[in-house]
Structures are given as structure tokens and as C-alpha cells.
Amino acid sequence: MKRLATVLAVLGALWGAMALAQETDAPIKTDKPPEKECQPDIGCVTNLPLPRFVSLKGSEGNARRGPGLTHRIDWVFTRAGMPLKITAEYENWRRVEDSEGAGGWVHYSLLSGVRTVLVTLDMAELRDAPDDTATVVAQAEMGVVGRILECHPGWCRVSLDGTRGWIRTSAVWGVKEGEIVE
């Protein structure tokens, strides 16, 4: 009986403290640390810029409706190296989208920091220098995925199926306009 009275006294004290805190707008003390403040355009988990580009690490990756294995799969990416844009972060999950805006939440282990581009212009020209008057070394069909070697504003040096050359950033998806990649 004495124990029950002690428990009730403690609960009464807590209830009183909560009521007082609500009346005075004072924060209630808990052992839980305060929520981390996120900056706009910066990922709360990685502190890297948002949005940013990555690529699909393997040949398949499930995009889910929400950040967790219990969420339904809305989309399956099936192309290794495909560039993806990260638009949000939550714990070990990244919300991504492809060049057409399709996507969802993907576990971070399925993504790679290797930068790639998707050719969006049919018969895009690869040149031997970042200049419209430079010699054309190859042409790339729409839909080809290539690895970024470096980028300067307006141009990226890429490797497409073993052929290297400079391509206009307006002919690819996977790099921001004016972005520099070294």
C-alpha cells in the first residue's frame, strides 16, 4: 500500500510539472536530445548538398513509397550506373528520382558516389576539346549512360562505352548547369 502511494505521488508531481510547463510555455525536461535543425538545401544525415547526383551501384534497386522496408515498392531501377538525383535524406534512406522524375526512397547502400550522365539528345556529339569548333570524335545515342571524368561550366568530359570526349551539359542529364566536377 505504501508503494502504491509513492507511485501515485510521483505521478502527481509529474502531472503538475507538465501542467505548469504548458501554462508557462517552459520546455519539459526529458532525456531525449533535441531534434537536429536541418538547413535548407543540406542533407540532415550527410551534411551534403541537396539536390545532388549519384548513380545506381548495382543492376537493380527498389524505390519505395517511404523510407523503410515496410513501405511498398513503387519502382525498380534496373540499369547499373544510371544517374539519380537525391532530393531528401532520412536515416539510411535517400529519396531519389531519375531523369523522368520517377523514383522513391532507396537504401543508401544501393547508391554510389561515382558520377554518371544519361545522354538526352539523339546523336549527341563528343568532341576532343570543350569547344563547339573542336573535332567530333564520336556520337552518342539517346539513353546511353557514361561516366563523368570532369566538368567545366557548359561541358563535361565523359567516357561512353570506352570512348572519351567532351559533351555539352545541355545534351546530358546528371550534372547541374554550371557545375564543376574535378
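Here is a short report on the structure shown in this document. Everything quoted here is computed from the prediction, not taken from an experiment. (Residues numbered from 1 in each chain as written. Predicted model: local features only at pLDDT ≥ 70, side-chain atom pairs only at ≥ 80, totals over all residues. Heavy atoms only, no water.)

Thoughts on the overall build of the protein
- Counting its regular elements, the protein contains 1 helix and 14 strands.
- Intrachain contacts of the protein at a sequence separation of at least 6 include 52% that bridge at least 24 residues.
- Of the roughly 11,700 Å² that the protein leaves accessible, carbon and sulfur atoms contribute 54%. (Helix = DSSP H or I, 4+ residues; strand = E, 2+ residues; numbered from the N terminus. Contact = heavy atoms within 4.5 Å. Areas by Shrake-Rupley, 256 points an atom, 1.4 Å probe, with all protein chains shown as cover.)

Considering the nonpolar core
- Among the nonpolar cores identified, the biggest contains 17 residues, and Val119, Leu126, Val158, Leu160 and Ile167 are the most heavily contacted of them.
- For this core, the secondary structure elements donating two or more residues are strand 8 (116-119), strand 9 (124-127), strand 10 (136-140), strand 11 (145-152) and strand 12 (155-160).
- Of the residues forming this core, the biggest block, 3 residues, is contributed by strand 12.
- If we ignore the near neighbours within four places in the chain, the residues touching isoleucine 167 are Val119, Ala124, Glu125, Leu126, Gly154, Trp155, Cys156, Val158 and Val172.
- The next biggest cluster of nonpolar side chains, apart from the first, holds 11 residues, and it includes Ala63, Phe77, Val106 and Leu111. (Core = buried A, V, L, I, M, F, W, Y, C linked by side-chain atoms within 4.5 Å. Buried < 20%, exposed > 50% of the residue type's maximum accessible area, 1.4 Å probe, protein only.)

Things to note about unusual backbone geometry
- Residues leucine 50 and proline 51 are joined by a peptide bond in cis, for which omega reads -10°.
- Considering the arrangement of structural elements, one finds proline 51 in the loop between helix 1 (2-24) and strand 1 (52-56).
- A positive phi angle, close to 50°, is found at glutamate 91, a residue other than glycine.
- Note on placement: glutamate 91 falls in the loop between strand 4 (83-90) and strand 5 (93-97).

Some remarks on the state of the cysteines
- Under the criterion given, the structure shown has 1 disulfide.
- Here cysteine 151 is linked by a disulfide to cysteine 156, with a sulfur-sulfur distance of 1.9 Å. What sets the handedness of the cysteine 151 and cysteine 156 disulfide is the S-S torsion sign, and at about 105° it is right-handed.
- A residue is classified by how much of its surface remains accessible, and cysteine 151, at 0% relative accessible area, is buried.
- For cysteine 156, a relative accessible area of 0% gives the class buried. (Disulfide = S-S within 2.5 Å.)

Regarding the pattern of salt bridges
- Scanning the model with the defined rule gives 7 salt bridges in all.
- The closest approach of N and O atoms between arginine 127 and glutamate 125, which form a salt bridge, is 2.5 Å.
- Under the relative-accessibility criterion, glutamate 125 is labelled partly exposed at 33%.
- Aspartate 132 is the salt-bridge partner of arginine 168, the closest N and O atoms lying 3.0 Å from each other. Pair noted here: arginine 168 is in strand 13 (residues 163-168) and aspartate 132 is in the loop between strand 9 and strand 10, with a separation of 36 residues, a long-range link.
- Owing to a relative accessible area of 45%, aspartate 132 belongs among the partly exposed residues under this scheme.
- Each of the salt bridges in this network shares a partner with another, and the network as a whole consists of Arg65, Arg72 and Asp74. (Salt bridge = Lys/Arg side-chain N within 4 Å of Asp/Glu carboxyl O.)

Spatial relationships are all this shows, so hold off on functional conclusions.
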